[in-house]
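Structural features, examined
Spelled out from the first residue to the last, the chains are:
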Amino acid sequence: MTDTRPVLFFDSGVGGLSVLAPARALLPRMPVVYVADSAGFPYGTKSEAEIAARVPALLGRLAERFRPRLIVIACNTASTIALATVREALDLPVVGTVPAIKPAALASVTRTIGVLGTEATVRQPYVDDLTARFASDCIVLRHGSAELVELAEAKLRGEATSPGRYAAILNGLFGQPGGEAIDTIVNACTHFPLVADELAAAAPRPVRFVDGGPGIARRIAFLTEGQDWPADPAPGIAVFTRRDAASDVLAPALAGFGLASIVAL
């Protein structure tokens, strides 16, 4: 029988769409369930204890309901805090999202890297560990921005956003001592690639932005190698833990990512 089990992508909001897009490009027959924890949004301003309690419990419920073959935690904040606990609790593969410090270090010429994420992500010891392992010869500057998450959500809703707001956020990196040498910025929140064009336009000079989406897509392909995919998979669905007018207005953008319907958890 054809294996119709989906891959489940999970994020606090729409940021995980930046991970879903390269995964669908690599695996076009992949059935998809995309989950936005709109009732818990945003994660970046919550405490580690709140996220550590909420994410594993919620993913347990989602695994029971949708029976996925694999779960992608398409959220840097949730991954850096709760990934290990989720893997221990669930008997299926779980792929996390971590800041792309390794590829940034490989790309940087000036050896000065910016890490742009949520407040919760940039303060994690996990980022210290990645820096020590892969960018020990680099200056790594960090800046956390909850506002940039809101800007990405607003863009997906079709709302206009001010270029000056992006410039002010980037100044949180470039304005730090040594920031003038940054040549590579890690988008350490999956929301941020959704506003990649706006960030590039607002940067004071050309810089390279990197994120983990393509690497995660390759990891999904590796873990599902040899598995059966439907020849004609059903359209993807978007699940919101709180469905309201704000989630419904996202329907056109979600459809552009292959998510044909919105349901409430």
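Up top you'll find the structure we're talking about.
Computed from a predicted model, the values in this text were never measured in an experiment.

Here we come to the sheet that holds strand 7 (residues 184-187). With parallel pairing, the 4 strands of this open sheet are ordered in space as 6-5-7-8. Edge strands, defined here as strands with exactly one partner in the open sheet, are strand 6 (139-144) and strand 8 (208-210). For this sheet, the mean angle separating the axes of adjacent strands, direction not counted, is 25 degrees. Bridge count for strand 5 (residues 112-117) against strand 7 is 4 bridges, and the pairing is parallel. Bridge pairing in strand 7 places I113 opposite T184.

Right, let's talk about helix 3 (residues 76-89) for a bit. Between its first and last C-alpha atoms helix 3 spans 19 Å; for 14 residues at 1.5 Å apiece the expected length is 20 Å, and the two agree. Burial in helix 3 covers these residues: N76, T77, A78, S79, T80, I81, A82, L83 and V86. Buried residues along helix 3 sit against helix 2 (48-66), strand 3 (70-73), strand 4 (94-95), helix 5 (119-122) and helix 6 (125-134).

The tally for this structure, following the rule as stated, stands at 12 salt bridges. A salt bridge links D129 to R133, with the nearest nitrogen and oxygen atoms 3.2 Å apart. Here D129 pairs with R133, and both are found in helix 6, just 4 residues apart, close to one helical turn. For D129, a relative accessible area of 36% corresponds to the partly exposed category.

A few words on the environment of G213. For G213, the location among the structural elements is in helix 10 (residues 213-223). Residues G213 and A100, spaced 113 residues apart in sequence, show a C-alpha to C-alpha distance of 9.2 Å. Every residue in contact with G213, bar those within four places of it in the chain, is listed here: S18 and P22.

Another point: the state of the cysteines. Tallying each qualifying case throughout the model produces 0 disulfides. Cysteine C75 is unpaired, with the sulfur of C189 as its nearest cysteine sulfur at 6.6 Å. On the basis of relative accessible area, C75 is assigned to the buried category, the value being 4%. Taking the relative accessible area as the measure of exposure, C189 reaches 7% and is therefore buried.

What counts as what
Residues numbered from 1 in each chain as written. Predicted model: local features only at pLDDT ≥ 70, side-chain atom pairs only at ≥ 80, totals over all residues. Heavy atoms only, no water. Pairing = 2+ DSSP bridges. Helix = DSSP H or I, 4+ residues; strand = E, 2+ residues; numbered from the N terminus. Axes fitted to C-alpha atoms, helices over the stretch in contact; angles between N-to-C directions. Expected span 1.5 Å × (residues − 1). Buried < 20%, exposed > 50% of the residue type's maximum accessible area, 1.4 Å probe, protein only. Contact = heavy atoms within 4.5 Å. Salt bridge = Lys/Arg side-chain N within 4 Å of Asp/Glu carboxyl O. Disulfide = S-S within 2.5 Å.

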